[in-house]
Structures are given as structure tokens and as C-alpha cells.
Amino acid sequence: MSIIYVLITVSLSLALVFFFIFIKSVKSGQFDDTYTPSIRMLFDDEVKNKSAKKSITNTKQNS
Amino acid sequence: MNTHTCFHCGIEHSDSESIISQQKNFCCNGCKTVFEILNENDLTCYYDLENTPGKIPEEIKGKYDYLTNPQIAEKLLEFEDEQTAIITLHIPYIHCSSCIWILENLQRLNSDISSSQVNFPKKTIRIIYNNKENALKNIVELLSSIGYEPYISLENVENANLKKKDNSLIYKIAVAGFVFGNSMFISFPEYFEVDEFWLNQYKPLFRWMLFFFSLPVVFYSAHSYFTSAIKGLQKGILNIDVPISLGVAVLFIRSTVEIIFHLGQGYFDSLSGLVFFLLIGKFFQQSTYNYLSFERDYKSYFPIAVTKISEQKEESIQIQDLQKGDRLLIRNQELIPIDSILINGNAMIDYSFVTGEVTPVHKKSGDKIFAGGKQLDGIIEVEAIKTMSQSYLTQLWSNDVFAKNKEDNFKGITDSISKNFTITVLLIATISGGYWLFIDTGIAINVVTAVLIIACPCAIALSAPFTLGNMLRIFGRHKFYLKNAAVIENMAKIDSLIFDKTGTLTSTLKQQITYNGIELKTKEKQNISSILKNSNHPLSRMLHDFLKTKTTSTVSNFEEILGKGIQGAINNNIYKIGSKKFVVGDAQKDDDTAVFISINNELKGKFSFQNQYRNGISGMFKKLVGHFKLTVLSGDNDGEQKNLQQLLPKNTELIFSQKPENKLEFIDNKQQKNKEKIMMFGDGLNDAGALAQSNVGVAVSENINVFSPACDAIIDASVFTKIPLFLKLAKQSINVIKWSFGLSFVYNIIGLYFAVTGQLSPIIAAILMPLSSISIVVFVTILTNFISRKLSISTD
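Caption draft 1: Highlighting the overall build of chain B. Secondary structure summary: chain B contains 28 helices and 30 strands in total. In chain B, which comprises 796 residues, the proportion classed as buried is 54%. Summarising the internal contacts of chain B: among those between residues at least 6 apart in sequence, 67% fall at separations of at least 24.

And the structure:
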């Protein structure tokens, strides 16, 4: 029946790991700005497809 | 006439003004240059993300020379060693995804920059760059040249290290939440089965785990409640934290005693749940406008350095180091940091920061110039006659009002009921304890502690934070930004409203120009416009924009007589444009600002400049009259009295020619004598004292990114006429709090029934406490959203 000790230890240490990860992420400033990263992640693709984008700019101008 | 939209900044302009580059229309050379810079560097993606995202870059020549001074630069930098340096700059213009994109690709424009990162909500950019000579100045100039001029003021230097974010509340919530969840799991088995072989075997383990879990909650997370309760008791106030800490302490002690003597499992789960919910309430109430500051003083308006002239040499000097007698060079659009005397140059000083008066004043050499004025026309040379701390403007700030903290004396609605509440709870505990004492001593202790536990005012303590926190966010969505939740409670008590005139009731953006006199022919208008074009005087520019005609005529013999007017000849007709004295020869001064016109010495008429009152002002005052005492407190002369009397309800008090300190005294007087609760609306620094003295000081702002003085709230000018509605909603939210108090009393009575009869088991506590807290939160959230639905409907 001592399996319960193992289970509690495992579940607790798992919970503690998440707890410390959260504290660490707050400390490192991950929650200071929750808005900009959501926009920044959309940029990468556009920079890579610049040549494709350029043609769009031109058509925009003509219309 | 065809109009085009500027590809860069979106300004509408006519065919003739349009500058074309690569088949794109631009309104000015500035915009075109920005486009060309970006185009050369393959950064035109900037224009794909948003339409017309840009801003016309400002003339900045020489403005940032002081950044080459290592002492000044050092104070601005976040980090510095021989190779790299890091700086965080505030850029008010950041407003869209294009801005983020271009600012994070800065390294493509300047190879010294290794990386840059934007914080959009705070409107700041953090740049890491090679620490070479002049690198900082080059970066700032680069930013300015593409329309993103950073705002660097004296405040940056003095508060650089103070702005560390306090995350302790988040840690406390994390601890409480962690413990809450885990102790719920561990307590669960014992809720139902008491005498079971398997469970009995592990009971001690579970119970002691619960005990150790609760330690950080009681001694770390709930710590602030104990300190606040003790502080309150020392002052003789029974604030809401007293019954809360009493409840937490009794919960902890009783539960510990129970597990030591094997009496039961205790209430550790309810304890951590209670603290968790209370902290969540505190978190929700926190103000969330990162990019707004409500604490500004003159320091955020002042530059950090000025150019000092000594023996034909120009050098940048920090403002604090200025001495009496120093010669200073003030460039166009720069602020005069110190009371001084004009030595030479064409001084056109805009005192709108200090007095709220928009029309600039002309100064002759030898005239005194006060700190806080902004030079509008070219370069001037001045000599300091005082040190900065002795200047008129800085002296204003030494008034006691600014040292006072309004929150210190603030007594919220929760605290006002907590006294009676605490006394009642203690009374019930004693009576029921006394009653049980005659029957069973053991139960008596049980009952007393149970009453204190169940009466712990979690639901009451949550009502106000969630109601006010939610209102704070709703107001913010409708462009009325409050400093903190307490402002709503103060707003609900207001009985007197005071308005500044210039910039508050009038719009600073638009000036109404009216013409009186002999009607001008189109040709004459064109000629006047052509002459005006040569002048840099602000009134000339405004009139030029107002006339909106072609400026094709050639002007000969153009002459600008400083402080008087301009004259010029077109086709041998002499045009005189300027003050009454200059044009008519009459020395008598008019009350209003006007420009007179004469052709060949024949008076044609005058253009009067009037501040335009905001739309809907009259209707707004009609809604307010009867509910509030209304006063208009203006720094201007009484030239506008007639207009205001027509516009506003009859019993509105109108007071003119008030200096900043008069305004402050006026409000203080009203508060002392008539016990009035005053809400003051103002804009410029001249109202700062009055805003601080009033119960609720509101800064009216055309653009919330532009700096407004220290205040309790900032309202966007576009929703200024919704003030009656905001005031009404503030009152209603107090009612919501009262209703939710009623609801939590119901929970308390149910809980007390179990407690007094000695039936409070851990499972009842574990159900009742979270249930009451959650239902209160749901109740107030629904109600506040319901009452504020009117805000979205009325879009006038």
C-alpha cells in the first residue's frame, strides 16, 4: 500500500515543477508585455515573402 | 481640385501641393524622405501592414546634441560597457503593427544597432547597440527622421531606477493558488469517509501535509492583511482587513489544534481558498494602463539638457547644473527651462503649458521670460536670472498639495461598513459562545471559532474590488482612464463640478476664425494669403490655412515688423496685416485676438480668432444642472463672458482671470467652507494645482499619448460630453456594491446558522466559502456590464 507515498511524491513534485516554472517566467519578464509578441509572431512570413509582397504594393497603387 | 491622400501619413492634400515620388503622392518633403529611406533599405513592408501608418518627421537639427555628452547619456542608459549599451526609449507615436515592425527592423537602417524590441502597451523600445562615439545620438536622430521621435525629458533621468515592476502580488497569488488546488485534493477523501480502514491509515499523513501546505499561505500570501489590520488598529480604525485577519488567524489556529489532538482535518482548504480569492480581488482592482502616467509634474515636460553659450562655444549642459547668469540658446519648439531675460532673437512664446492660453506672446529683448514657455519662432538667446528650483513654475510645485497623497485619507465603502460588521460578528460570537458555555464548554469554543471563521468577510471584501475593477475597465474602453478604483467611489460623492475654459471647454485643435468688415474679393484673399505665406507667425499660419486659396501672386517689399504685423505689395497695392495699432494706428487694445487687414491704408476688416467650444457642451451642462453646482474657472480675461453666458445654464458661476494659485485657493476655500466635494476638469500645467487639490481631478486630453498633468483621471476629449453618464454610472456602481453586500449578508446568515448551532463541518465551509465568493464575483460582473451598456449606445 505504500504506493500512495510514491504517487503523492510524484504528483506533488510535478505540481511544484509547474509552480517554479511559472514563478521563473514571471521573474524573467514574460508577462510584462503580453500584447506585442502576438503581433510580432505574424511578421516573419512577410519578411521572407518580400518579393511577393512587393507586387501587391504595386497593384495597390494602381487601383 | 483633386485631392490625394499622403502615402506616408494619410493627410489629404491638393494637387498643387502634392509631391510625387515613384508614383506615390506625398503631402510634404518630410513624408517623402521617410518613404525614400525605407524604400532604399527594402523596408516598404511598413506600408503593407497598415495603410498610411506614418507621421511627418519633425525638424530636429541640433536638438539631440546633448546625447553626445557622456554624463547625460549615462543617466539614460540601462546598461553600458565598452562594447554594448542598452537604452529604453519612450516613443509616444507607437500605435500600430507597422510601428512594431519598422522599429524592430531598425538594425537594417543603422548597423550599430544589434537588436531592438518594442513593448507595445507601454509604447517603449529597448535598443541594444554598439557603444561607439555618437551612436546614441545617431540612433535618436534616425528614429526622429523616420517619424518616431522619442520623448526624453527630465523625468527619465530622475526616475530611471525607480520603475521596477512589483510582482509580489502575482507571487502571492501563485502560492495561494498552488496550495488551494493541492489541499483541495488532499482534503477530499476525508469529506465523506470518516471511519474506513484505508483512509484511517493515511489520515495523519494527509492532515500534516495540509498543515505544511498552509504555512506559506498564512505567513507569506496573507501577510499584507495582517500588517494592514494592525496598522488600522493602531490608528483606531476597524478596516475590513481586521475581520479578515481574524478569520484567517482563527482558521489556522483552530485547524492546527484539531489535527494535533486528532479531532478532525481542520479547514486548511477553505483557508487557502479564502486567501486565494481575496488576492485575486486585489489583483483585479489594480490599474492596468501601462502607457498612461497619472503622476506627472513639470519634470516630464522639461528637456534634460539645454545649449549653453560661453565664449563663442556651444555646449550641452544638464538643466540641474544651470547657474544664474548663464547664456542659453533656445531653438525652435524648445521649452524655456528657467526664468530668464531675452538677449536677442525673435521670441514668440507659447505659454499654453503654464497658463492654458494658446495664443503666443511676442517678447522684445530685455523682456522677462518665464520657465515653461515654448519658443515657436526660430532661435533665441536668453540669460538665466534664477536657478531652476527658484523658477516660477517649479515654485508652483512646492505647494503642499503635491506632497499630499489622496489615498492616505481615503475611506472606502468597504471600510465604512467593516466597523459595524466586525462589532456585530464579535457580538454574535460572544452571545452564542456564552449560551453554549452553560450547555457544553467544548462546544462553546467550537461555536465561537466557527462564528469567526464563517463570518470572515471574504464575499464583502470582494464586492468592491470586482465592481470597481470592472467599472475601471469599462470606463477605460470608453476612453475615460482612471488612476485607481478609489476614484469611482470619490466620483459618486461629487456635488460640485469646476471646469477650466481654455483647452477644456474649448478645443485646442480648432480655432474659429470669423471675418468682420468689407467683404474681400477672391483676388484680394489670394493676395493676403500670398503675403501670409512669408510669415512664420502662428496667427499668420492659422489664417493662411483658413483662407485656403491659391498663393500664386508675387509679393514685393515684404516686411515683417516684430510684434506688430506684416506688410507687402502686390501689383502696387500695399497690404498691411497685423495688430490694430499697426494697421489702424489706434492704440486701444481689443479684448479678443484679431488680425486687421488694410489695403492701401484703407481698413478692410478684421479676422477674429476665437476658441471653438466643443460640440455638445451646452447640452452637457443642461444635463448636469440641478444635480451639481457648476463653475467655470478660467485663467483668461472675461472677453468670453457673453458667449459663455449664452451657452451655459443661468446659474453657472463664471470666474475669470484666475492664476494657477488662485484656482487652487478657490477650490480649497470651497472644500473648507461649503464642504463641497469637487471634481475639477482641466488641461494644462496651470491647472495642476487645482487638479491635485480637488477631490477628483480630471485632465482633458485631445490625445492621451500627449502628456497631461498629475491627476486622478484622464478623459479623452472625444467623450468629454459623456461626463454626466460617467458620473451617473459611478453612483450606480456604488449601489451595485451595496446590493452585493446584501447578498453576502445572506451567505453569512446561512453560515452563521451552521456555526451557532455547532454544525460547521469542514465540508460545509469548503462549499459555502468558495460558493459565496464566486457568486458575488459573477453577480457584480453581470450587473456592472448591465448598467454600463448605455455607454455603448449613446455615441454622441
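Caption draft 2: Structural context of the overall build of chain A. A count of helical and extended segments in chain A gives four helices and zero strands. For chain A, the N- to C-terminal ordering of α and β elements is α-α-α-α. For chain A, the proportion of its 63 residues judged to be buried stands at 21%. Accessible area of chain A: about 4800 Å², with a carbon and sulfur share of 66%.

Caption draft 3: Molecular detail of the pattern of salt bridges. Residues and elements named next belong to chain B. All told, the structure shown has 15 salt bridges over all chains when counted by the stated rule. Among the ionic pairs, Glu36 bridges to Lys32, the shortest N-O distance being 3.9 Å. Residue Glu36 and its partner Lys32 are located together in helix H1 (residues 29-40), separated by four residues, close to a single helical turn. Notably, a salt bridge pairs Lys604 with Glu524, separated by 3.9 Å at the nearest N-O pair.

Caption draft 4: Fine view of the packing of aromatic side chains. Residue and element names in this part refer to chain B. Considering all chains together, one arrives at 36 aromatic pairs over all chains under this definition. Aromatic pair Phe480 and Phe726: ring centres 4.6 Å apart, planes at 45 degrees, arrangement tilted. Here Phe480, found in strand S18 (residues 480-482), pairs with Phe726, found in helix H26 (residues 723-756); they are 246 residues apart in sequence, far enough to count as distant. Classification of Phe726 by relative accessible area gives buried; the value is 1%. Joined through ring pairs, the aromatic side chains of Trp208, Phe211, Phe212, Phe219, Phe252 and Phe268 make up one cluster. Positioned above the aromatic ring of Phe120, the side-chain terminus of Lys123 is 5.7 Å from the ring centre.

Caption draft 5: Seen up close, helix H5 (residues 135-145) of chain B. Residue and element names in this part refer to chain B. Buried residues dominate H5, accounting for eight of its eleven residues. Taken as a whole, H5 has its buried residues at Ala135, Leu136, Lys137, Ile139, Val140, Leu142, Leu143 and Ser144. As for H5, its buried residues are in contact with helix H3 (70-76), strand S6 (84-90), helix H4 (97-104), strand S7 (113-119) and strand S8 (124-130). Among the residues trailing H5, Gly147 stands out with phi positive, at a value near 90 degrees.

So, how was this worked out
For every chain, the first residue of its written sequence is number 1, and the numbers climb from 1 along that sequence. Labels are handed out in written order, letters beginning with A for the chains and numbers beginning with 1 for the ligands. Totals for whole chains, interfaces and linings use every residue, but because this is a predicted model, local features are given only for residues with pLDDT of at least 70 and side-chain atom pairs only at 80 or more, for both listing and counting. In computing side-chain properties, one takes all heavy atoms of the structure into account and sets aside hydrogens as well as water. Where helices and strands are cited, they refer to DSSP runs of H or I of at least four residues and of E of at least two residues respectively, numbered from the N terminus. For every residue, the accessible area obtained with a 1.4 Å probe (protein chains only) is divided by the maximum for its type, and the residue is called buried under 20%, exposed over 50%, and partly exposed between those limits. In this description, contact between two residues means that some pair of their heavy atoms is separated by no more than 4.5 Å. Each accessible area is a Shrake-Rupley estimate made with a 1.4 Å probe; only the visible protein chains count as cover when residues are assessed. Basic side-chain nitrogens of Lys or Arg form a salt bridge, by our definition, when they fall within 4 Å of a carboxyl oxygen of Asp or Glu. Only Phe, Tyr and Trp rings take part, Trp by its six-membered ring, and two of them pair if their centres are within 6.5 Å. Stacked means planes under 30 degrees apart, edge-to-face means over 60, and tilted covers everything else. Throughout this description, the term charge over a ring refers to an Arg CZ or Lys NZ atom that lies within 6 Å of the ring centre and within 35 degrees of the ring normal.

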